[in-house]
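# Chain and residue survey
Now for the letters of each chain:
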Amino acid sequence: MEAMGDAAKVTDFRAEQQGAYVKLSGVLEEELLDVDSRICVEVNGNRYEAFPASMYADGERKDSGFVLYLAENGNPETKNITVLVQKGEAWQKVYTTTIQ
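Parameters and conventions
Residues numbered from 1 in each chain as written. Predicted model: local features only at pLDDT ≥ 70, side-chain atom pairs only at ≥ 80, totals over all residues. Heavy atoms only, no water. Buried < 20%, exposed > 50% of the residue type's maximum accessible area, 1.4 Å probe, protein only. Helix = DSSP H or I, 4+ residues; strand = E, 2+ residues; numbered from the N terminus. Pairing = 2+ DSSP bridges. pLDDT = per-residue confidence, 0-100. Contact = heavy atoms within 4.5 Å. 1 Å grid on protein atoms, 1.4 Å probe; cavity = no way out; pocket = protein on both sides within 12 Å on 5 of 7 lines; lining within 4 Å. Points joined across faces, edges and corners; volume = space filled by probe spheres on them. Nonpolar A, V, L, I, M, F, W, Y, C, P; charged D, E, K, R; others polar. Salt bridge = Lys/Arg side-chain N within 4 Å of Asp/Glu carboxyl O. Axes fitted to C-alpha atoms, helices over the stretch in contact; angles between N-to-C directions. Phe/Tyr/Trp six-rings, centres within 6.5 Å; stacked < 30°, edge-to-face > 60°. Lys NZ or Arg CZ within 6 Å of the ring centre and 35° of its normal.

With that out of the way, let us pick up the pairing of strand S8 (residues 79-87). Of all the 9 residues making up S8, 7 are buried; the element is thus mostly covered by neighbouring parts of the structure. By the bridge criterion, 9 bridges tie S8 to strand S9 (residues 90-99) in an arrangement that is antiparallel. Residue pairing across strands places Val83 opposite Tyr95, the latter belonging to S9. Counting the residues between successive antiparallel strands, the hairpin from S8 to S9 contains 2 residues, one of them, Gly88, with a positive phi of roughly 65 degrees.

Shown next as structure tokens:
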């Protein structure tokens, strides 16, 4: 799957087909996260909470990664993706892309 996005606060964003799922993952800039920050991924207007994950980016391990497995309903439509981070009560949009 091809991702075309803005060069924002997420590095190494990936959308990979894995069986009946699309794995969406990336690494956030560490200063965006607090200890209890939540990460959500909005796909075509539907919001899903992502799992925090340690990932490798730029040759080193980062603890600011995220992963979301999205069920692919046999529908290969274009997906508009927005990554959001919660700080306190507010949600901040940090990345936007489109995958096809």
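In this model, the chain carries an average pLDDT of 84, and 89% of its residues clear a pLDDT of 70 or more. Across the chain, the element-wise mean pLDDT spans from 45 in strand S1 (residues 3-5) up to 95 in strand S5 (residues 46-49). In this model, residues 1-7 is a region of pLDDT below 50 whose contacts with residues beyond four sequence positions or in other chains number 21 contacts.

This part covers the layout of surface pockets. Taken as a whole, the largest pocket encloses approximately 170 Å³ of empty space. Asn44, Ala71, Asn73, Glu77 and Lys79 are, among the 11 residues lining the largest pocket, the residues nearest its centre. Class assignment of the residues belonging to the lining of the largest pocket gives a composition of 4 nonpolar, 4 polar and 3 charged.

On inspection of all chains with the given rule, the structure shows 6 salt bridges. For Arg14, the salt bridge goes to Asp12, with nearest N and O atoms at 3.2 Å. Judged by relative accessible area, Arg14 falls into the partly exposed class, the value being 41%. Close ionic contact of Lys87 with Asp34 constitutes a salt bridge, the shortest N to O distance being 3.6 Å. Linking Lys87 in strand S8 with Asp34 in the loop between strand S3 (21-28) and strand S4 (39-43), this pair joins segments that are 53 residues apart in sequence.

In this section: the sheet that holds strand S7 (residues 60-71). Within a sheet, neighbouring strands are paired by backbone hydrogen bonds and run either parallel or antiparallel to one another. Read across the sheet, 4 strands follow the order S2-S3-S7-S6 without closing on themselves; strand pairing throughout is antiparallel. Bordering the open sheet on either side are strand S2 (10-18) and strand S6 (51-57), each of which pairs with just one other strand. Taking each pair of neighbouring strands and ignoring which way they run, the sheet shows an average axis angle of 30 degrees. Bridge count for S2 against S3 is 7 bridges, and the pairing is antiparallel. Its bridge partner lying in S3, Gln18 is registered against Tyr21.

Positionally, Thr82 belongs in strand S8. Judged by relative accessible area, Thr82 falls into the buried class, the value being 10%. Here the alpha-carbon distance between Thr82 and Val94, two residues 12 residues apart in the chain, equals 7.5 Å.

A word on the packing of aromatic side chains. With the rule as written, the count across this model stands at 1 aromatic pair. Ring centres of Phe13 and Tyr95 lie 5.2 Å apart, and the angle between their planes is 35 degrees; on these two criteria the pair is classed as tilted. Linking Phe13 in strand S2 with Tyr95 in strand S9, this pair joins segments that are 82 residues apart in sequence. A cation over an aromatic ring shows up here: Arg47 above the ring of Trp91, its NZ or CZ 5.2 Å from the ring centre.

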